[in-house]
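Report on the structure
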Amino acid sequence: MSVMTVEVPRPVVRVNPRLVMWVALAVATIGPMFIPAPGRYFADTQDTLWFAPGWHLRHSLTIFQPDVFLLEWPTVGVSVALIWLLKSIGLSLWVTQRIWYGLLAFAGAAGTVLLVQELRGRRTLIAPASAGLLYVFTPFTFGYGLLYSIVFVPYFVLPWLLLVTVRGLRSPSLLWPVLFGLSSFLMGASNGAAQIYALIPPIGYGLWAVFVERTVSPRAALRFAAIAGGFVATLNAYWLFAPRLVDIGNVIQYSEQPKTINQVSSYSESIRGLGHWQYYGGDKFGPWVPMVRRYLTAPAFVLLGFAMPVAAILTAWLVRGWRTRLFFFFLAAGAVVGMAGIFPSDSPAPFGRLLLLSYRHVTALAGLRTTYKLAGVLNLSLAVLAGVGLEEAWRWVVVRRRRAWTAFRQPMLAAAAVAVIGANAFPLWTGEYRPVRTSPAIPEYWRSALRYLQQSNGEYLSFFAPGALQPMYRWGSLLGTVAEAEPTVHPLYAWPFPEGNHYRTNMLAAVERPYQAGVSSTRAAVLFRYLGVDRIVLQNDIDWQRSNTASPVDLLALALDPSLQGGLSFGQPGQNTFAATGDAPPDSDAGRIERSLRPVQILAVPNPVSAIRAESGPPVVVSGDAFGLSAVAEQGLLDSNPPVLYSGTLNQALIATLGKEHPLFVITDSNRRAAHRFNLVRDNTTYTLAPGEVVEDRPIGWGLFGDRPETQTTAILEGVKGISASGYGSVFLDQPQYRPARAFDDDDRTSWLVGGLEHRLGDWIQTTFERPLDLASVRLTVPAVFGRMVRSVQLEFSTGPPVRAQVHRGSNEITFQTRATAFLRVRIVGVTTQAFDNPVGFSEISIPGLHVQEWVRVPSDLLRTATGSPLAMGTVHSSSLAYVFERARKQSPLSGDQELGIARQFEVPESRSLTFAGSAHLDSTGASDDEIDRLIAGPSDIQATSSSRLSDIPSFRASAALDGDPETAWISAGDAGEWIRVRFPARSLNHLVILPAMGSQGRRIQRIEVSFSEGEPIIASIDDRTGSFDVRFPPRGTSEVQVRVLDTAPSEPFKTAGIAELQIPGVTLPPVAGEDEPPCLRDQTFSMDGVPVGVQIEAPISDVLGGKSFSLSACESASLSLGKGVHRLLAGGALQPDSIRLMSLRESPEQVSPPPPPISVRHGNDGALEVDVFGARAPFYLVTGNEWSPEWRASTDGNPIGGRSIGGSLVLDGSSLGWRVDRAGSYHISIRYGPQGSYSSTILLSAEALILTLVIVVVQIARRRT
Amino acid sequence: VRRLVLYIAALWFFSGPLGLAIGMGLLLIWSLRPPTWAYWLGALLCLTAAPLAIMAEGLPSGPTAGPNFGTSHPVAHVLVASSLAFAGFAAILELSKKPAAGDAAQATQVSEPGDQPSPTDHDAAGPA
């Protein structure tokens, strides 16, 4: 028996190398996304996209977004849909995010692979795969793309666009132009510039194929372009044809500007995919974009960064027979030039100048100023060239493998390719990809707080304080506030970036002022009610230093506001409320407070009013902006929540109509003409500018009321034509306390300072005279500041040579040959060298015969509008009128006050009798001893003053040594050299007794010099037995005694000196009773048109000296009679006014306004409001809670409310959209946003086009298969 | 000559005085009638020198590069501008010649004789 052995052939496993390539590509692009920071959320584009994509999708159907964080992003639904799908299947946030990133990268790589295969006409591996990886792993991907992945989508669609273009030009099929449209649809509507830039390669290729390669007829190209263009237009109609132009305008005007964008975009930076300005910036906490730092700093990465461009040049040079390589070379070169933009921004090339010109005059082109987004075009060109070059090099090496000496080239080539791709992708595989803004899971205490807000909210909003451009929490950072993670709590917060028509931004800035600027707040609830807020969320866990916003201690201004109520707190005391290092020491007041606070504190607004409401009663018409509204509220004029209108929005007809409602017109000194920095929430505003004055290219104000000059508060200089300077304060912050006019205000306490943190020799200040002056001398006062100061100056004139001079601390008289000059410019040409780069300048520039007074002129829009209409003027004449002026104070707790007093110019419409009221405090820093005495005790023929007071404390003033009480004393801020001086009616003296104050080691002063108005001074030493100075001398007549400290006890640890009693026979200043009120103050410090106004302090003297704020009134309740015309109020001095109110009340009929009618509101899906009004009896105001926008329309039964005659919609209560409704009865009001109709139509059009597109694609593919 | 003048004008337009200077340099070189590959070589050398220039002009030592990084590396900027200008001119010269026979077919040619199909080619297929 034989056994047959049958060999079964082993199955041959044939691995499809292309399949392997695709799998490897997927693994290489998706897998590494999971390596960096697993479990953490990377702040990307917008938080709601990730935390609440479903909510976001629903809101995508509405073009007007009431939520500030949606204003720019209503139309990104296409991308969000995928994120929503991923989250809907239960994936966690971070996994969803990484899959999204991976899918984007894979899509980009896959598109590049197919593109290279199409272009090369062969299905190889090396060129497509390497090009795909080189395209998706770039510095641009990690430094910008993944941080704004929704904006980045066009980058990954770009190869597909080019692919279908190449195919479409070669094939007459309808499929390709349709796919082109579909690809453009997939790019989404997130940005605009990225989408436009993505069209450059397809358009360029079309031109190339027609005119250079001549492989495509113009007719075929036009046919493709027409069909593709049609599908692009219809598929993207939802964002192309119905954008919110106001928000696009905001972004263009207030976000990054060309000079910033192209600050670093040199050719050498751009060609290696860098050049984006954010890569190079940072703050004291580190670089803004740490992921690209290594590309900038490590030599190896700098070298490898040029590998792709070098490979591209080699390919363009050496790979013959493939002419398209030159197209990609030109595309890359064009992209580099485009990315460079206007670089160097201080002397751009003609191309750069043309760009600037077009940005300035064509809004659509201004949207393309973010030239760094051309990196997609550059990277694709370089990747294709480098990939093809690599493959050709590989082929070349393989062909020569038989030669032994070239055998090593193949592994070297592979290693080089891996090194370049690996270097480009290093942030992923090393796990170094970690944006500055990243967070773990949101803390549990926040989840509890948000749940609480969700439960308690209905018709109200929750206000999150403090605001910041990009808030960062101590536990991590989202892109915005934590509220965006749960948008259903209806959050409201002060984002400084101007949104919409800026009324809401302005209002929120005004709401934030107490805690951002560090000024007191007593009626914050009034403004919160107008905003429809019922809960205020204090975010004590914000990393306020990194966020550049208010600290938890600053937020106490709200917590301690008597108009608000305490509520719930969340978290543990001290949890995330302070930093381990760098914050206030634990034993300081601030440190203790920070450690005792809980991370989330919720305050309640008593008696809140719904965001959507009806109001009635006599309205308050404010001339000014929301800061004026805040001032009016602080005066108690809004306690009853009356409707508030801005006079800047009224026309004559409406003013006339208001007459029946007995309004109160309030003219404020707000809406100041000033330049702003809208990236900061504090120290962001210049000094008040003169009419027409601008500061560099910074935006002026909030642009309210159409920027009409009469609606603005402006500065007027009296005595000179103008004062200007090369700069002032710091370049990083606004410090109006150092403005140029401060050098000409006859006040040594104030200064013009410039160049903080900089070394800018050549800075100058100039005053232009009203007419040429004969000038022969100038006195410059260099302030005694800590750190460096001016050492030498150059005086420049309109005629004659400049004069150079050395200066020193204090007063410097500079004389020169007399000359007639139209201006004087003082240029700093030398400063002392110090380690501390403090600003330098002058506290005073005195020119003989020149006196400068700065006035602030309040808005005149009310009278300008009413003038010419007897009815409107009649309303003004018959109505109550008030003027509310606030001293411009500091903009952050550590900054200085812009104004030391109140100097206002205002206009009165007709003769009026006005009551005077105000609030003030003792200016203990600036007031001299005798000024304080005069303030609290009235004029006296005995005046005591001194060189200084310890810590400027009023009770340490000179008169404390003359009150006969050894328990009180004059205490100076220094020791040797300090003096006390007493002036009195002349008398004969022959001895004095001086009792020094006790120091910690005994009597402080050891030796003194006593001088008189007559005769030689006397030097005396302390009598150790009595512990006093008994100074005896021959009788002499004198009206002044001055005691100067010569020596103090060396053992004393503190450098102070003091005199408890200065006994001058017959000269005493009896102490004042602390509980008494000061007498009427009547001098030039408070004056109207130069005439003193008697002012009564309504507080006990002890409160005045204790530094408390107090009320002011006119002495004997007298009123001021002012005639028609312009008036000037001046208030200042030791009694520093904070606010002043002048008020003229008109009697109104004793009729009680009927309450507003009840209303019910329904929200439509498209943002519309349907309001049912029940039993209206009189005109009322309907407030919608939305920010005002002129496109809103309201109608009753098809009839528009508030026709043209009264201007349609109104800005009510500071920022809200509303209407004055004068129809009685019960009826229905429909409120619709005008552009919503066209937006809905375009959404429908895009949806129909999408369906058609998909049908065509399916049919075409089916046909091709059959 | 007309193309060169236009090219120099374009260089001036896009790069200002720098472009004009590079254009003058090109004019000078062009007057020597070098072969096209010399422009490519020049472009390559300039581009290869650019990273070296960046390093020579100083890499940031602190955590941030600073907003003056671009203007403080002028040599690298000039080198890349020169490289693009040279390469662009070389590309224009190539385009002005008649396309090679293989160009029309979009096929890649390896310039050495004895070419064989590459082992990296799979499922080689023409354009769809």
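Description of the structure in this document. Keep in mind the model is a prediction, meaning the values are calculated, not measured. (Residues numbered from 1 in each chain as written. Chains lettered and ligands numbered in written order. Predicted model: local features only at pLDDT ≥ 70, side-chain atom pairs only at ≥ 80, totals over all residues. Heavy atoms only, no water.)

Examining the overall build of chain A
In plain terms, the rule: Only DSSP runs of H or I covering at least 4 residues are called helices, and only runs of E covering at least 2 are called strands; the numbering of each starts at the N terminus. The atom set for the radius of gyration is the C-alpha atoms, and the globule formula is 2.2 Å times the number of residues raised to the power 0.38. Each residue gets one of three labels from its accessible area relative to the maximum for its type: buried under 20%, exposed over 50%, partly exposed in between, using a 1.4 Å probe on protein chains only. Contact between two residues is taken to exist if any of their heavy atoms lie within 4.5 Å; hydrogens are not considered. Accessible surface is estimated by sampling points in the Shrake-Rupley manner with a 1.4 Å probe; for residues, cover comes only from the protein chains shown. We treat Lys and Arg as the positive residues and Asp and Glu as the negative residues; His and chain ends play no part in the count. For charged residues, the charge sits on one atom: NZ in Lys, CZ in Arg, CG in Asp, CD in Glu.
Looking only at helices and strands, chain A features 38 helices and 51 strands. Relative to the compact-globule value of 33 Å for 1266 residues, chain A shows a C-alpha radius of gyration of 37 Å, a close match. In terms of overall dimensions, chain A has a C-alpha envelope of 150 × 85 × 75 Å along the principal axes. Each of the 1266 residues in chain A was classed as buried or not, and the buried ones make up 60%. Pairs at least 24 apart in sequence give 77% of the contacts found in chain A among residues at least 6 apart. Accessible area for chain A stands at about 49200 Å²; split by element, carbon and sulfur atoms hold 58% of it. Placing the 107 positive and 105 negative side-chain charges of chain A at their respective mean positions leaves the two points 16 Å apart.

A short note on the overall build of chain B
Across its full length, chain B holds four helices and zero strands. Taken from N to C terminus, the helices and strands of chain B fall in the order α-α-α-α. Within chain B, the fraction of its 128 residues that count as buried is 40%. Residue pairs at least 24 apart in sequence account for 63% of intrachain contacts in chain B once pairs closer than 6 positions are excluded.

What about the sheet that holds strand S7 (residues 533-539) of chain A?
Residues and elements named next belong to chain A. We count it as follows: Being paired, for any two strands, means DSSP has found at least two bridges between them. Note on geometry: axes are lines fitted to C-alpha atoms, helical ones only across the stretch in contact, with angles between N-to-C directions running from 0 to 180 degrees.
Read from one edge of the open sheet, five strands run S6-S5-S7-S9-S8, paired in mixed fashion. With one partner strand each, in any of the chains shown, strand S6 (491-493) and strand S8 (569-570) form the two edges of the open sheet. Each of strand S5 (461-465), S6 and S7 is contacted by helix H28 (residues 524-531), which is oriented at about 115° to S7, the strand it contacts most.

Notes on the environment of Gly800(A)
Residue and element names in this part refer to chain A. Structurally, the position occupied by Gly800 is in the loop between strand S19 (790-797) and strand S20 (803-806). Classification of Gly800 by relative accessible area gives partly exposed; the value is 46%. The sequence separation of Gly800 and His662 amounts to 138 residues, and the corresponding C-alpha distance is 63 Å.

Some points on the interface of chain B and chain A
Inclusion rule: Note on terms: buried area is the combined drop in 1.4 Å-probe accessible area of two parts once they are placed together, counting the loss on both. Note on definitions: salt bridges are taken to be side-chain nitrogens of Lys or Arg within 4 Å of carboxyl oxygens of Asp or Glu. A 3.5 Å cut-off defines polar contacts: any pair of N or O atoms within that distance qualifies, except that in protein one atom must be a possible hydrogen donor and the other a possible acceptor, and neighbouring residues in sequence count only when both atoms are side-chain atoms. Throughout, the ten residues Ala, Val, Leu, Ile, Met, Phe, Trp, Tyr, Cys and Pro are labelled nonpolar, Asp, Glu, Lys and Arg are labelled charged, and all others, Gly among them, are labelled polar.
Between chain B and chain A, the residue contacts involve 62 residues of the former and 67 residues of the latter. In total, about 5700 Å² of surface goes out of reach between chain B and chain A, with carbon and sulfur atoms giving 67% of it. Between the two partners, chain B and chain A, sit two salt bridges. Close ionic contact of Arg325(A) with Glu94(B) constitutes a salt bridge, the shortest N to O distance being 2.5 Å. Remark: the boundary between chain B and chain A carries 12 residue pairs in polar contact (both at pLDDT 80 or more). Looking at the side of chain B that touches chain A, the elements with two or more residues in it are helix H1 (2-31), helix H2 (36-57), helix H3 (74-96) and helix H4 (101-104) of chain B. Of the residues that constitute the side of chain B that touches chain A, the class distribution is 35 nonpolar, 21 polar and six charged.

Section: the state of the cysteines
Residue and element names in this part refer to chain A. Operational definition: Note on terminology: disulfide denotes any pair of cysteine sulfur atoms within 2.5 Å.
Under the defined criterion, the tally for this structure stands at one disulfide over all chains. Here Cys1080 connects covalently by a disulfide to Cys1115, the sulfurs 1.8 Å from one another. Taking the sign of the S-S torsion, 95° for the link of Cys1080 and Cys1115, the bridge is right-handed. In this pair, Cys1080 sits in the loop between strand S36 (1058-1063) and strand S37 (1086-1088) while Cys1115 sits in the loop between strand S40 (1110-1114) and strand S41 (1120-1122), placing the two residues 35 residues apart along the sequence.

Overview of the pairing of strand S51 (residues 1225-1233) of chain A
Residue and element names in this part refer to chain A. Bridge count between strand S45 (residues 1169-1176) and S51: six bridges; the pairing is antiparallel. Across the sheet, the residue bridging to Val1171 is Ile1229, located in S51. Across five bridges, strand S47 (residues 1192-1196) lies against S51 in antiparallel orientation. Bridge pairing links Thr1196 to Ile1229 in S51.

Let's talk about unusual backbone geometry
Residue and element names in this part refer to chain A. In this structure, the amide linkage connecting Phe343 to the following residue, Pro344, adopts the cis form with an omega of -10°. Tracing the backbone through its elements, the reader meets Pro344 in the loop between helix H20 (324-340) and helix H21 (350-361). Between Ala465 and the following residue, Pro466, the backbone shows a cis peptide bond with an omega angle of 0°. In the Ramachandran plot, Asn548 falls in the positive-phi region, its phi being about 55° despite a non-glycine side chain. Locating Asn548 in the fold gives a position in the loop between helix H29 (544-547) and helix H30 (556-559).

Description of H2(B)
All names here are of chain B. To keep things clear, this is the line we draw: Helix span, expected: 1.5 Å multiplied by one less than the number of residues in the helix. Given a residue, its bend is the angle between the two axes fitted to the seven residues that end at it and to the seven that start from it.
Given a rise of 1.5 Å per residue, 22 residues ought to cover 32 Å, and the 31 Å separating the end C-alpha atoms of H2 matches this to within 8%. Of all the bends found along H2, the most pronounced is centred on Ala50 and spans about 30°, while Pro51, a proline, follows it within four residues. Among the residues of H2, Thr36, Tyr39, Trp40, Gly42, Ala43, Leu44, Cys46, Leu47, Ala50, Pro51, Ala53 and Ile54 are the ones counted as buried. Taken from the residues just after H2, Gly58 is the one with a positive phi, measuring 110°.

Some points on the pattern of salt bridges
All names here are of chain A. Across all of its chains, the model carries 50 salt bridges over all chains by this definition. Salt-bridge contacts for Glu391 lead to Arg120; the nearest nitrogen and oxygen are separated by 3.5 Å. Of this pair, Glu391 sits in helix H23 (residues 375-399) while Arg120 sits in helix H5 (residues 93-120), and the two are 271 residues apart along the sequence. When the shortest N-O distance is used, the salt bridge between Arg513 and Glu886 registers 2.9 Å. Taken as a pair, Arg513 in helix H27 (residues 503-518) and Glu886 in strand S25 (residues 880-886) lie far apart in primary sequence, 373 residues in all. By relative accessible area, Glu886 is classed as buried at 10%. Salt bridges sharing common partners tie together Arg513, Glu886, Arg887, Arg889, Asp897 and Asp1138.

Observations concerning the sheet that holds S45(A)
Spatial ordering of the open sheet is given by S44-S45-S51-S47-S48 (chain A), a layout of five strands whose pairing is antiparallel. A single partner strand is all that each edge strand has here, and the edge strands are strand S44 (1159-1163) and strand S48 (1199-1200) of chain A.

Thoughts on the nonpolar core
What counts here: To qualify as a nonpolar core, a set must consist of buried Ala, Val, Leu, Ile, Met, Phe, Trp, Tyr and Cys residues joined through side-chain atoms within 4.5 Å.
Among the nonpolar cores identified, the biggest contains 191 residues, and Tyr279(A), Phe328(A), Phe329(A), Val384(A), Trp446(A), Phe464(A) and Trp40(B) are the most heavily contacted of them. The contact partners of Phe328(A), leaving out residues within four places of it in the chain, are Leu119(A), Leu162(A), Trp322(A), Ser381(A), Val384(A) and Leu385(A). Ranked by size, the runner-up nonpolar core spans 74 residues in total, among them Val605(A), Tyr646(A), Val1173(A) and Phe1180(A).

With respect to helix H32 (residues 626-634) of chain A
One turn of the α-helix equals 3.6 residues, which is why residues spaced by three or four share an orientation. All names here are of chain A. With eight of its nine residues buried, H32 lies for the most part within the structure. The backbone nitrogen of Phe627 lies 3.0 Å from a side-chain oxygen of the residue at the head of H32, namely Asp625. Gly636 occupies a position one or two residues after H32 and carries a positive phi of about 80°.

Section: the packing of aromatic side chains
Residue and element names in this part refer to chain A. Here is the rule: Any two rings among Phe, Tyr and Trp, with Trp reduced to its six-membered ring, count as a pair given centres within 6.5 Å; such a pair is stacked if its planes are under 30 degrees apart, edge-to-face if over 60, and tilted if neither. Working rule: Lys NZ or Arg CZ, within 6 Å of ring centre, within 35 degrees of ring normal, means a charge sits over the ring.
Across all of its chains, the model carries 61 aromatic pairs over all chains by this definition. Their ring planes at 75° and their centres at 5.3 Å tell us that Tyr295 and Phe426 sit as a pair that is edge-to-face. Highlighted residues: Tyr295 in helix H17 (residues 293-297) and Phe426 in helix H25 (residues 426-429), separated in sequence by 131 residues. Through a chain of ring-to-ring contacts, three or more aromatic side chains come together here, namely Tyr135, Phe140, Tyr144, Tyr148, Phe152, Tyr155, Phe156 and Tyr372. The lysine or arginine in question, Arg825, covers the ring of Trp764, its NZ or CZ lying 3.7 Å from the ring centre.

Describing the packing of helix H1 (residues 17-30) of chain A against H5(A)
All names here are of chain A. Selection rule: Crossing handedness follows the turn of the near helix against the far one: under a right angle anticlockwise gives a left-handed crossing, and clockwise gives a right-handed one.
Relative orientation of the contacting elements H1 and H5 amounts to 145°, with a least axis distance of 8 Å. Viewed along their axes, H1 and H5 form a crossing whose handedness is right-handed. Contacts between H1 and H5 involve Arg18, Met21, Trp22, Leu25, Ala26, Thr29 and Ile30 from the first element and Gly102, Leu103, Ala105, Phe106, Ala109, Ala110, Val113, Leu114 and Gln117 from the second. Class assignment for the residues of the contact of H1 with H5 results in 12 nonpolar, three polar and one charged.

Details of the side chain of Ser183(A)
Residue and element names in this part refer to chain A. Checked against the element boundaries, Ser183 lands in helix H9 (residues 175-186). Looking at Ser183, the relative accessible area reads 9%, which means it is buried. Excluding residues that lie within four positions of it along the chain, Ser183 makes contacts with Val157, Trp160 and Leu161.

Function cannot be read off these values alone, since they describe shape.
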